[in-house]
Structure formats: structure tokens, C-alpha cells
Amino acid sequence: EMEALLSQRQPFVLIFPDSAENEMHEDQKLRTLFLKANKARLAAKCQGIFGVEPNKAKRILKRAHGAVVAAAFGLRFRVVATVEEAEKFAALALAGKSVPDDAESE
């Protein structure tokens with residue numbers, strides 16, 4: 001699926017509707033290897049990765065991890081509370097507009 005996305009002409013975003021908390025180690029390893037091998041292609045086409053995490057404490061932790069991912073791969077990475085928020089930010093990213101930083105509103 002990622003190869004198909006990277007092969008198309010148009011930019012795309014990724015939305016992860018919930019966390020892959022129980023992802024198998026081998027799956028994590030394969031994904032990491034793919035991302036490393038395709039870093040430049042991914043940075044050129046992917047306008048952002050938007051994860052959804054309803055739990056505030058987990059969301060804050062995932063944002064810290066996401067900052068590392070974003071820096072390593074040159075991608076915009078946001079973790080938000082709802083699918084609706086992720087879709088809104090994804091639409092902004094695809095339109096070439098500014099996406100708000102990860103900040104909790106109290």
C-alpha cells in the first residue's frame with residue numbers, strides 16, 4: 001500500500017485512527033526499514049501523518065515520539081484527540097496550508 005501511495009503523482013497524508021499498541025516487533029521492524037529506505041520519496045509526497053489518541057496522557061507521550069519521527073524523516077507529524085480533528089488537519093496539509101502545532105487546549 002505504501003509503495004502504491006509513493007508511486008502516484010499526487011501528494012497524500014496518512015491518518016492513523018488509533019494506536020497500534022500491540023504491533024508485532026517484526027511488523028515494526030519491516031515498517032522502519034521501509035521508511036528508512038524510502039525516506040526521500042516519503043518526504044516528497046507525504047504532506048503529514050496524523051495520529052488519533054483519545055487518551056490525553058498517551059497522546060502527550062506519542063507527541064514526543066512523533067517529534068523524533070518527524071525530525072528523522074522530514075515529515076509533519078501530529079497526534080490529536082479525535083478522527084475529526086485529524087481529518088481537518090489533513091485537509092489543511094493537503095491544501096498547502098499551515099497546520100496548528102500539537103498543543104493541548106485546556
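What you see is a predicted model; the values in this text were computed from it and never measured. (Residues numbered from 1 in each chain as written. Predicted model: local features only at pLDDT ≥ 70, side-chain atom pairs only at ≥ 80, totals over all residues. Heavy atoms only, no water.)

Moving on: the sheet that holds strand 3 (residues 77–80). What the three strands build is an open sheet, ordered 1-2-3; its pairing is parallel. Each end of this open sheet is capped by a strand with a single partner; those strands are strand 1 (12–16) and strand 3. Looking at each pair of strands side by side, their axes are set apart by 20° on average, direction ignored. With four bridges connecting them, strand 2 (residues 46–52) and strand 3 associate as parallel partners. Looking at the pairing, Gly51 lines up with Val79 of strand 3. Sitting on the sheet, helix 5 (residues 83–94) is in contact with strand 1, strand 2 and strand 3, with an inclination near 170° to strand 2. (Pairing = 2+ DSSP bridges. Helix = DSSP H or I, 4+ residues; strand = E, 2+ residues; numbered from the N terminus. Axes fitted to C-alpha atoms, helices over the stretch in contact; angles between N-to-C directions. Contact = heavy atoms within 4.5 Å.)

On inspection of all chains with the given rule, the structure shows two salt bridges. The partner of Glu3 in a salt bridge is Arg41, and the shortest N-O contact between them spans 2.8 Å. Here the residue Glu3 occupies a position in helix 1 (residues 2–7), and Arg41 occupies one in helix 3 (residues 39–45), the gap between them amounting to 38 residues. Classification of Arg41 as partly exposed rests on a relative accessible area of 32%. When the shortest N-O distance is used, the salt bridge between Lys62 and Glu53 registers 2.9 Å. According to the relative accessible area criterion, Glu53 is buried, its value standing at 6%. (Salt bridge = Lys/Arg side-chain N within 4 Å of Asp/Glu carboxyl O. Buried < 20%, exposed > 50% of the residue type's maximum accessible area, 1.4 Å probe, protein only.)

The end-to-end C-alpha distance of helix 5 is 16 Å, a good match for the 16 Å that 12 residues give at a rise of 1.5 Å each. Buried residues of helix 5: Ala86, Phe89, Ala90 and Ala93, and no others. Down the axis of helix 5, the buried set is contained in an arc of 105°. They therefore lie on one face. Exposed residues pointing more than 90 degrees away from the buried face of helix 5 are listed as Glu84 and Lys88. Gly96 sits one or two residues past helix 5 and shows a positive phi near 75°. (Expected span 1.5 Å × (residues − 1). Arc of directions from axis to C-beta.)

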